Amino acid sequence: MKKTTLTLLLVTLVFALAACGDKTGNEKTVNSGSDPAEAKNVLEEIKANGIIRIGTEGTYPPFTYHDESGKLTGFDVEIAAEIAKRLGVTPEFEEAKWDGMFAGLDAKRFDIVVNQVAIRDDRKEKYAFSDPYSVSKAVLMVHEDNHDVKKFADMKGKKAGQSLTSNLTELAKENGAEIVQTDGFNQAIELLVSKRIDVTVNDGLSYLDFKKHRPEAKVKVVDEHPDASKSGILIRKGNQEFVDAINKALADLQADGTYLIISQKYFNADISK
């Protein structure tokens, strides 16, 4: 009786161990692969959810701002919405301050950031960028009555209205200008219109926006710096298929004329080149 009982116990133990072995093996098989949700790349997840989350400031006209009705709008907002349309998903904009946009992308709160982020080598070390979707150059502006200043070198000894936090101020200094501190583009323009300064070096896209809204202003561009700042859509690294899809959407925007319509709406010019 004892022998039979012992035999039964041994058989039971063998089956139990075999069952454990099967379970362990199955768990290894499951764990050796990725979870189906995690296995999807960002593009697949976006299409599955039907939404693309877009980080933007909402306080940077004419690129991203709120109109009189409170609606989020702007050049960058419309470009982002068109990209979403071509991806077959709904754009969901989330507003954040400049540093917060980068942090939000890092934390995966956003899928992309569309906010005139300049494509720079230091940023490319951490992030991926789309192809450029806007190009801006530093321009030299003077009053329409000014016929003495025709190029950057003519700034020597002239009063230049510049924001001290702008890297364009260095360009004015390099050309021998006397710096008059301003709070930004708008103040520099007002000083120029009233002839309290001689020149200002500023962003070319800001000038186009200004002239669109105030075409009668007696301000003109006399020179353009050859070095251009190119902006791209900011994306987390490691998502090349997603980058390719965004680049295709941007190319399609150009090809079907949609980009030019949006660009003309905000700048009366094609700002892609």
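Residues numbered from 1 in each chain as written. Predicted model: local features only at pLDDT ≥ 70, side-chain atom pairs only at ≥ 80, totals over all residues. Heavy atoms only, no water.

- Under an unreviewed UniProt entry, the name given to the protein is Amino acid ABC transporter substrate-binding protein, and the organism recorded is Paenibacillus profundus.
- The Subcellular location (unreviewed entry) field of the UniProt record for the protein holds the comment "Cell envelope".
- The record held by UniProt for the protein lists under Sequence similarities (unreviewed entry) the comment "Belongs to the bacterial solute-binding protein 3 family." (UniProt positions renumbered as here; feature names shortened; annotations may be inferred.)

## Digging into the packing of helix H3 (residues 42-49) against helix H10 (residues 240-255)
Move 1: Where H3 contacts H10, the two axes come as close as 7 Å, and the packing angle between them is 65°. Contact residues: H3 offers Val42, Leu43 and Ile46, while H10 offers Glu241, Phe242 and Ala245.
Move 2: Of the residues assigned to the contact of H3 with H10, the class counts are five nonpolar, no polar and one charged. (Axes fitted to C-alpha atoms, helices over the stretch in contact; angles between N-to-C directions. Helix = DSSP H or I, 4+ residues; strand = E, 2+ residues; numbered from the N terminus. Contact = heavy atoms within 4.5 Å. Nonpolar A, V, L, I, M, F, W, Y, C, P; charged D, E, K, R; others polar.)

## Notes on helix H9 (residues 204-213)
Move 1: Turning to H9, its buried residues are Gly204, Leu205, Tyr207, Asp209, Phe210 and Lys211.
Move 2: Tucked into the core, H9 has its buried residues touching strand E5 (112-118), strand E7 (134-143), helix H8 (185-193), strand E10 (199-203), strand E11 (219-236) and helix H11 (258-267).
Move 3: Where H9 begins, one side-chain oxygen reaches toward the backbone nitrogen of leucine 205, 3.1 Å away; that side chain belongs to aspartate 203. (Buried < 20%, exposed > 50% of the residue type's maximum accessible area, 1.4 Å probe, protein only. Polar contact = N/O pair within 3.5 Å; in protein donor to acceptor, adjacent residues only side chain to side chain.)

## What about the packing of aromatic side chains?
Move 1: Applying the stated rule across the entire model yields nine aromatic pairs.
Move 2: Ring geometry for tyrosine 60 versus phenylalanine 63: centroids 4.9 Å apart, planes at 45°, classification tilted.
Move 3: Ring plane angle 70° and centroid distance 6.1 Å describe the contact between phenylalanine 185 and phenylalanine 210, whose orientation is recorded as edge-to-face. Here phenylalanine 185, found in helix H8, pairs with phenylalanine 210, found in helix H9; they are 25 residues apart in sequence, far enough to count as distant. For the pair phenylalanine 185 and phenylalanine 210, one class covers both residues: buried.
Move 4: Within the aromatic cluster, the residues linked to one another by ring pairs are Tyr60, Phe63, Phe75, Tyr133, Tyr259 and Phe267. (Phe/Tyr/Trp six-rings, centres within 6.5 Å; stacked < 30°, edge-to-face > 60°.)

## Quick word on the pairing of E5
Move 1: Counted residue by residue, E5 has seven buried out of seven residues, so it is predominantly covered.
Move 2: Taken together, the two bridges between strand E1 (residues 51-56) and E5 define a ladder with parallel strand orientation. Bridging from a neighbouring strand, glycine 55 pairs with valine 113 of E5.
Move 3: One ladder, built from four bridges, connects E5 with E11; its direction is antiparallel. (Pairing = 2+ DSSP bridges.)

## Focus: a negative patch on the surface
Move 1: A cluster of acidic residues, Glu44, Glu45, Glu241 and Asp244, forms a negative patch on the protein surface.
Move 2: Residue assignment for the negative patch shows that the elements contributing at least two residues are H3 and H10.
Move 3: Tracing the sequence through the fold places glutamate 45 in helix H3.
Move 4: Looking at glutamate 45, the relative accessible area reads 32%, which means it is partly exposed. (Patch = residues over 30% accessible without salt bridge, like charges linked within 9 Å, V, L, I, M, F, W, Y side chains within 5 Å. Areas by Shrake-Rupley, 256 points an atom, 1.4 Å probe, with all protein chains shown as cover. Salt bridge = Lys/Arg side-chain N within 4 Å of Asp/Glu carboxyl O. Lys, Arg positive; Asp, Glu negative; His and termini not counted. Charge placed at Lys NZ, Arg CZ, Asp CG, Glu CD.)

## Topic: unusual backbone geometry
Move 1: Of note, the amide linkage connecting proline 61 to proline 62 takes the cis form, showing an omega dihedral of 5°.
Move 2: For proline 62, the location among the structural elements is in the loop between E1 and strand E2 (65-66).
Move 3: With phi around 50°, glutamine 116 is a residue other than glycine that occupies positive phi space.
Move 4: If you trace the backbone, glutamine 116 turns up in strand E5.
Move 5: Residue class for glutamine 116 comes out buried when judged on its relative accessible area of 11%.
Move 6: Positive phi, close to 65°, is recorded for lysine 195, a residue that is not glycine.

## Considerations on the pattern of salt bridges
Once the charged atoms of two side chains with opposite charge are near each other, the side chains can pair.
Move 1: Enumeration according to the criterion identifies 15 salt bridges in this entry.
Move 2: Aspartate 252 is paired through a salt bridge with lysine 248; the nearest N and O atoms lie 3.0 Å apart. With aspartate 252 and lysine 248 both in helix H10 and four residues apart, this pair spans about one turn of that helix.
Move 3: Accessibility expressed as a relative area gives 29% for aspartate 252, which makes it partly exposed.
Move 4: Since its relative accessible area comes to 52%, lysine 248 is described here as exposed.
Move 5: A network of salt bridges, in which partner residues are shared, links Glu82, Arg86 and Asp256.

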